[in-house]
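Read off the chains here:
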Amino acid sequence: MILPKVSAPNLEPSMTNIFHLHPNQSWVSLGRADPEEELSLTFALRQQNLERLSELVQAVSDPNSPQYGKYLTLENVADLVRPSPLTLHTVQKWLLAAGAQKCHSVITQDFLTCWLSIRQAELLLPGAQFHHYVGGPTETHVVRSPRPYQLPQALAPHVDFVGGLHRFPPTSSLRQRPEPQVTGTVGLHLGVTPSVIRKRYNLTSQDVGSGTSNNSQACAQFLEQYFHDSDLAQFMRLFGGNFAHQASVTRVVGQQGRGRAGIEASLDVQYLMSAGANISTWVYSSPGRHEGQEPFLQWLILLSNESALPHVHTVSYGDEEDSLSSAYIQRVNTELMKAAARGLTLLFASGDSGAGCWSVSGRHQFRPTFPASSPYVTTVGGTSFQEPFLITNEIVDYISGGGFSNVFPRPSYQEEAVAKFLSSSPHLPPSSYFNASGRAYPDVAALSDGYWVVSNRVPIPWVSGTSASTPVFGGLLSLINEHRILSGRPPLGFLNPRLYHQHGAGLFDVTHGCHESCLDDEVEGQGFCSGPGWDPVTGWGTPNFPALLKTLLNP
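Residues numbered from 1 in each chain as written. Predicted model: local features only at pLDDT ≥ 70, side-chain atom pairs only at ≥ 80, totals over all residues. Heavy atoms only, no water.

**Structural notes on the UniProt feature "active site" (unreviewed entry) in the chain**
- UniProt records the feature "active site" (unreviewed entry) at Glu-264, Asp-268 and Ser-467, using the numbering of this structure. Sequence-wise these annotated residues cover 204 residues; spatially they are packed, their C-alpha atoms never more than 7.2 Å apart.
- By relative accessible area, Ser-467 is classed as buried at 5%.
- Side-chain polar atoms of Ser-467 contact the side chain of Glu-264, separated by 3.0 Å. (UniProt positions renumbered as here; feature names shortened; annotations may be inferred. Buried < 20%, exposed > 50% of the residue type's maximum accessible area, 1.4 Å probe, protein only. Polar contact = N/O pair within 3.5 Å; in protein donor to acceptor, adjacent residues only side chain to side chain.)

**A few points about the state of the cysteines**
- By the definition in use, this model includes three disulfides.
- Paired by a disulfide, Cys-357 and Cys-518 hold their sulfur atoms 2.1 Å apart. Disulfide Cys-357-Cys-518: the torsion about the S-S bond is 110°, which places it as right-handed. In this pair, Cys-357 is assigned in the loop between β17 (345-349) and β18 (358-360) and Cys-518 in the loop between β29 (514-516) and β30 (526-529), connecting sequence segments 161 residues apart.
- Of note for the chain: the bonded cysteines, numbered N- to C-terminal, pair according to 1-2, 3-5, 4-6. (Disulfide = S-S within 2.5 Å. Helix = DSSP H or I, 4+ residues; strand = E, 2+ residues; numbered from the N terminus.)

**Looking at the packing of aromatic side chains**
- By the definition in use, this model includes 27 aromatic pairs.
- Ring geometry for Phe-235 versus Tyr-271: centroids 5.2 Å apart, planes at 70°, classification edge-to-face. Linking Phe-235 in helix α6 (residues 229-239) with Tyr-271 in helix α7 (residues 263-275), this pair joins segments that are 36 residues apart in sequence.
- Assessed through its relative accessible area of 1%, Tyr-271 is described here as buried.
- Joined through ring pairs, the aromatic side chains of Phe-366, Phe-404, Phe-421, Tyr-433, Phe-434, Phe-528 and Trp-534 make up one cluster.
- If you follow Arg-251 out to its NZ or CZ, it ends over the ring of Trp-282, 4.4 Å from the centre.
- The positively charged end of Arg-331 is found above the aromatic ring belonging to Phe-111, 4.4 Å away from the centroid. (Phe/Tyr/Trp six-rings, centres within 6.5 Å; stacked < 30°, edge-to-face > 60°. Lys NZ or Arg CZ within 6 Å of the ring centre and 35° of its normal.)

**Observations concerning the side chain of Asn-496**
- Structurally, Asn-496 is set in helix α12 (residues 496-501).
- At 3.1 Å, the side chain of Asn-496 forms a polar contact with the side chain of Tyr-413.

**A closer look at the sheet that holds strand β7 (residues 131-135)**
- Spatially, the three strands line up as an open sheet ordered β3-β7-β8, and their pairing is antiparallel. Both edges of this open sheet fall to β3 (27-32) and β8 (140-144), since each of them pairs with a single strand only. On average, each strand axis in the sheet is inclined to that of its neighbour by 30°, with strand direction left out of account.
- Alignment of β7 against β8, held across five bridges, turns out to be antiparallel. Each residue of the ladder has a partner; that of Val-134, found in β8, is His-141. (Pairing = 2+ DSSP bridges. Axes fitted to C-alpha atoms, helices over the stretch in contact; angles between N-to-C directions.)

Following this line, the structure appears as structure tokens:
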């Protein structure tokens, strides 16, 4: 499943070109950075034994394998992927010669984060030219290079990419939708709350953490956003009255800013902790945020440097695949594979743009997002209630991200399900719009429409996006892990091989609705449509908790 690394073309006899800034309309250059200013760069060192790592992920994640559940420790992973002595020596010598100071490695030794002056960084990476930029909803300041950098030819076999030059911090796609119109309110709910979720997905008041296991869960936030403890406490007072819960986060990793709470940050924490009720919860909050750093990359580095981690991580983050360099996307995929080998369940939101759309050589195509398209994560799509104010069957939420990767081939675990969808769907878009042989996503779904969130002490209704469905699904998997741990079994780990092997058992199949895509004469704004079984809009469907617990409890 690992694609071969594609080496970049040589621009000069002695240099290898790597990557340039993807134009982003919302960031404005404030001019060149001061040469004496310091910035932090992350060097991703070439790893070893990735084919073997891929085989081990398959072995520990496949319920038919004798190795199932026998996850690797971080130290096992380090022994496998650690860069060669030649790579370590070559890169360290290069950085020392450039005057790099305060370099920090990780347990796996495959990342180095170093502080350099702008002058040193521009000498180290010919072509790079650092500017100050401002942008995003909170007017964030970052230092980035609008020009491609080059690596000396001797370094090209040893460095996958250098982080902190090109990718801008993400922005939220969460939306607050207008309230649906309704007459009369008898027996109706007025938006999604924890009690609505618990009722729809068949949880009882007993379906909470025991408080006695070493079970834990986490959400990771990379926006310039923070949650407030006071909002979480108020949310639980308003909406957590009928189930045992924890009213505070166990551990915050990274910076918790003092500014206003963000709706997305509040949503993640409030719904992870009310779905995965009474389970110890960590929050990764824009970890290590600095003008030169990329929060998502910093999170991946933290995973490679911490041996005891929560079992379930939910992440509402994504970029268009086409905006990322091949070197970067392949290396991040390897980091997600390392997490899978360790038995971590990583859930990513599928995105809020349906199938997406962009123009390639004057022709429209759908636009997949990453890491949603990684074969090593479980990707969560979105649904709405068929009747907006009744706890009824679910249909597609038209924003639910889904489709087929243009980078990663279809993994073996989903071969049967995807082939069946492609051969039986009556509403397939034209084949020129998508790569039918790519990794297809999402894998599962949950409600993504019309949530109540408390932010800055104010209850806010009608918040929508797969940023809502992802922590809900994650919390329910944490409850299943609780049962597994208490009965002496390992946590679920990388779920997809088991999920597809069991043909989505324990999930409500969502069979009605289509998501959005290109507004053109050929597809007229319609992407893929849901149908019986797996589909690239809602995956296998949404959780029916007692049935899902039963199907995932053994072995």
